[in-house]
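Working through the structure, step by step
Residue-level listing of the chains:
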Amino acid sequence: MPILKPPAVVEFQSVSKVYRLGFLGRRIHALRDVTLAVPRGSVFGVVGPNRAGKTTLVKALLSICRPTSGTILRLGWLAQNRSTLDRVGYLHESQAFPGYLTAAALLQYYGALSFIPAGELARRIPQRLEQVGLADRAREPIATFSKGMVQRLALAQALLNDPELLVLDEPTEGMDLVARKLLHDVVRHHKAEGKTTILVSHSLSDVEQLCDRVAVLRGGRLAFSGALGELIAGATADDSATALQDALEPMYAGAST
Amino acid sequence: MTLSKFVTTTAWLVRDTFRQSLASGLCWLLLGLSTICILVCCSAGASGRGSIILPGEHNGNFLPRFDREAHDAQKLKQSGTIVADGTLSLAFGAIRVPLARDAREAVHFVQLVLSAGVADTLGLLLTLVWTAGFLPGFLDRRAIAVLLAKPIPRGALLMGKYIGVLAFVLVQASYFVVGTWLALALRTGIWDASYLLSVPLLLLHFAIFFSVSLLLAVCTRSTVVSVFGSIAFWGICWAINYGRHSVMAAAAMAPEGSFSPGLVRLANLGYWLFPKPVDLGRFVFDSLGAESNFRPLFQNLPSVSMGLSIFTSLLFTGYVLFAASRHFRRVEY
């Protein structure tokens with residue numbers, strides 16, 4: 001039985017994560033007592049300076065790392081339940097796809113490992129490649145792709161299982177203007193279908209244009225979580241992108257490395 | 001995870017391993033080396049009286065060419081004993097080796113060199129070196145993250161990759177053994193299938209030591225550590241295995257009470273705990289009746305139970321795979 005309240009797709013309850021590094025087990029607090037909820041159908045931005053804990057938050061959500069303490073609920077179930085991952089799409093912050101695969105073969109490989117039925121997969125692969133503008137490159141090896149093309153392919157991979165929850169970690173990295181617009185279209189389309197997106201990004205303009213709710217992390221702590229409008233409400237700038245920057249500046253101050 | 005999902009996962013990881021081996025050239029390299037061996041076997045031939053003594057026809061009146069009694073011509077003539085006088089040729093007759101025994105033994109000798117020397121030692125070490133890079137690449141932080149976000153238990157991912165590499169080695173070993181066997185059989189007319197037993201034994205041998213490579217890859221994600229660690233471990237196990245048999249042989253021959261029982265116990269402990277590469281090689285020797293070709297190697301060595309030796313080696317492998325899987329489940333990415 002799912003144990004999450006219906007409106008929330010993801011919930012972090014007092015989640016902390018401590019990494020132990022080196023021979024002496026030096027403790028690095030990546031997340032400290034983070035509590036937040038991601039409402040269904042929202043585009044939820046996660047921002048913060050470098051080493052704020054954004055990627056750790058995503059990895060903990062996807063069971064790539066385990067929280068040291070606290071509880072994470074994903075699609076109504078405890079995150080330890082891996083079966084819910086078949087309804088999640090994930091775009092990793094940096095790609096290392098096997099260069100020997102073609103774009104179509106890569107999607108077939110990851111689609112099969114998401115247990116998408118073969119017939120359905122054969123139907124979806126050309127659709128997704130079309131969606132990210134790589135239909136004419138389907139039979140080309142990934143080794144010949146540019147960084148932006150690899151990123152678009154990663155987006156196609158994340159969308160392949162038609163996910164209820166789409167997690168994008170720095171998705172615009174290496175993307176040109178056209179690809180960025182394409183990403184925006186994908187996210188808006190996903191939201192229009194009533195599905196949820198978590199967007200981790202350093203690009204404030206992307207966050208401003210796409211997100212309706214934002215969490216700001218700083219030094220592993222949650223500095224803010226709420227509607228984007230609330231965050232920029234106190235800012236003095238005229239346009240909202242600058243207003244977001246104005247709002248975040250005090251939170252970033254002294255934290256970036 | 002259901003069985004069908006595990007099978008799907010494994011099948012795709014096997015497929016990916018073959019693609020990886022094709023892309024890296026390793027597949028073609030190994031097939032090329034095997035093809036060279038097959039071509040060498042295609043150029044082999046056996047002629048003379050030795051070659052006409054086929055399995056089942058061997059009689060007590062046959063004498064190896066180099067047997068001391070074979071020089072007593074008068075005595076041989078009286079008894080009607082046949083002395084091997086054929087030749088084993090290689091490179092389509094360019095290299096001619098006098099047959100020491102009958103043609104069957106000569107073919108067995110070639111098969112032993114191919115199985116124990118080329119495949120089980122050189123091939124095993126090269127394959128361990130070349131396939132060791134598959135795992136750290138697979139476990140790369142960036143590459144594995146996307147797979148870890150799939151609804152597959154980590155243990156199934158790791159075992160799928162392990163099985164993938166084993167499947168690759170099985171194909172390579174089968175091509176090598178069946179190819180050389182067919183070539184030799186077609187050229188010499190000796191269709192002794194015992195050589196084919198080398199395929200499962202080669203696979204077993206590789207599976208044992210690749211499990212160590214897997215554990216090292218999971219713990220360190222370093223190709224260098226995986227390669228040198230697994231090869232060093234193979235060497236240690238070989239020494240423990242051969243050392244134990246030597247100790248047991250020496251203890252059996254020593255006067256009663258003159259041999260340290262502590263040393264025997266220690267040798268036995270190491271022998272039963274660790275994999276047994278010498279025993280695995282010996283089973284190939286036994287299946288081909290190699291004692292006649294390599295008598296000094298086996299003189300005084302105690303007999304070993306094939307079943308028990310394989311079982312304990314597999315037990316060790318199972319434990320290593322369990323440890324690798326357990327560590328992989330806990331490791332942070």
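Residues numbered from 1 in each chain as written. Chains lettered and ligands numbered in written order. Predicted model: local features only at pLDDT ≥ 70, side-chain atom pairs only at ≥ 80, totals over all residues.

A look at the interface of chain B and chain A
Basically, it comes down to this: Residues are defined as contacting one another if the C-beta atoms placed from their backbone atoms lie within 7 Å. The helix and strand labels rest on DSSP assignments: H or I over at least four residues marks a helix, E over at least two residues marks a strand, and numbering proceeds from the N terminus. Just so you know the grouping, Ala, Val, Leu, Ile, Met, Phe, Trp, Tyr, Cys and Pro go in nonpolar, Asp, Glu, Lys and Arg go in charged, and all remaining residues, Gly too, go in polar.
With 22 residues of chain B at the contact, the number on the chain A side is 23 residues. Looking at the side of chain B that touches chain A, the elements that each hand over two or more residues are helix H1 (3-24) and helix H7 (141-148) of chain B. Sort the elements by how many residues they give to the side of chain B that touches chain A and H1 of chain B lands first, with eight residues. Grouping the constituent residues of the side of chain B that touches chain A by class yields twelve nonpolar, three polar and seven charged.

Quick look at the sheet that holds strand S5 (residues 95-98) of chain B
All names here are of chain B. What counts here: A pair of strands is treated as paired once DSSP finds two or more bridges between them. Here, axes are lines fitted to C-alpha atoms. For helices the fit covers the stretch in contact, and angles between N-to-C directions go from 0 to 180 degrees.
The three strands lie next to each other as S1-S4-S5, forming an open sheet whose pairing is antiparallel. Both outer strands of the open sheet, strand S1 (45-47) and S5, are each paired with one neighbouring strand and no more. In this sheet, adjacent strand axes meet at a mean angle of 25 degrees when their direction is disregarded. Strand direction decides the pairing type here: S1 and strand S4 (residues 87-90), joined by three bridges, are antiparallel. By the bridge assignment, Gly45 is partnered in S4 with Ser89.

What about the sheet that holds strand S4 (residues 69-74) of chain A?
Residue and element names in this part refer to chain A. In spatial order, the strands read S2-S1-S4-S5; together these four strands make up an open sheet with antiparallel pairing. Edge positions in the sheet fall to strand S2 (26-39) and strand S5 (77-78), since each of these pairs with one other strand and no more. Direction of pairing for S4 relative to S5: antiparallel, over a ladder of two bridges. Pairing of Leu73 across the sheet is with Leu78, part of S5. Contacts between helix H1 (residues 54-61) and the sheet are confined to strand S1 (8-21), S2 and S4, with S2 contributing the most and set at about 70 degrees to the helix.

Points about the pairing of S1 of chain A
All names here are of chain A. Where S1 and S2 come together, ten bridges link them in antiparallel fashion. From the neighbouring strand, Lys17 faces S2, where its bridge partner is Leu31. The pairing of S1 with S4 spans five bridges and is classified as antiparallel. Across the sheet, residue Val10 finds its bridge partner in S4, namely Arg74.

Some thoughts on the nonpolar core
For clarity, the cut-off: To define a nonpolar core, we join buried Ala, Val, Leu, Ile, Met, Phe, Trp, Tyr and Cys residues through C-beta atoms within 7 Å and take the resulting set. Here a residue counts as buried when 20 or more other C-beta atoms sit within 10 Å of its C-beta, as exposed when there are 12 or fewer, and as partly exposed otherwise, the C-beta atoms being derived from the backbone.
The biggest cluster of nonpolar side chains holds 152 residues, and the ones touching the most others in it are Leu153, Val167 and Leu199 of chain A. Ranked by the residues each element gives to this core, the list is headed by helix H9 (residues 198-220) of chain B, at 13 residues. Non-local contacts of Leu153 of chain A, meaning those with residues more than four positions away in its chain, are made with Ala103, Leu106, Val132, Leu134, Ile142 and Phe145 of chain A.

Some remarks on H1 of chain B
Put simply, the rule is: Given the number of residues in a helix, its expected span is that number minus one, multiplied by 1.5 Å.
With 22 residues, H1 of chain B extends 31 Å between its outermost C-alpha atoms, agreeing within 8% with the 32 Å of an ideal straight helix rising 1.5 Å per residue. Residues of H1 of chain B that are buried sit in contact with helix H2 (103-113) of chain A together with helix H2 (26-42), helix H6 (134-138) and helix H8 (154-188) of chain B. Gly25 of chain B, located one to two residues past H1 of chain B, shows a positive phi value of around 90 degrees.

A closer look at the confidence of the model for chain B
Where we set the bar: Confidence of the predictor at the level of single residues is captured by pLDDT, which takes values from 0 to 100.
Summarising the model, chain B shows a mean pLDDT of 83, and 83% of its residues fall at 70 or more. Interface predicted TM-score (ipTM) for the complex: 0.87; the corresponding pTM is 0.86.

Some details on the packing of H9 of chain B against helix H12 (residues 277-287) of chain B
All names here are of chain B. How we decide: If an angle is under 35 degrees, it is roughly parallel; if it is over 145, roughly antiparallel; if it lies from 65 to 115, roughly perpendicular; otherwise it is oblique.
Running from N to C, H9 and H12 point in directions that differ by 170 degrees, and their axes come no closer than 10 Å. It follows from the interaxial angle that H9 and H12 lie roughly antiparallel. Residues Ser198, Leu201, Leu204 and His205 of H9 form the contact with H12, whose own contacting residues are Pro277, Leu280, Phe283 and Val284. Split by residue class, the contact of H9 with H12 holds six nonpolar, two polar and no charged.

Side note on the environment of Thr220 of chain B
Residues and elements named next belong to chain B. Structurally, Thr220 can be placed in helix H9. Since 14 C-beta atoms lie within 10 Å of it, Thr220 is described here as partly exposed. It is 9.8 Å that separates the C-alpha atoms of Thr220 and Leu139, two residues lying 81 residues apart in sequence.

As for unusual backbone geometry
All names here are of chain A. If you check the backbone angles, Ser14 has positive phi at about 50 degrees while not being a glycine. Take Ser14: it is sitting in strand S1. Assessed through the 12 C-beta atoms surrounding it within 10 Å, Ser14 is described here as exposed. Positive phi, normally seen in glycine, also occurs at Ser63, with a value near 65 degrees. By secondary structure assignment, the location of Ser63 is in the loop between H1 and S4.

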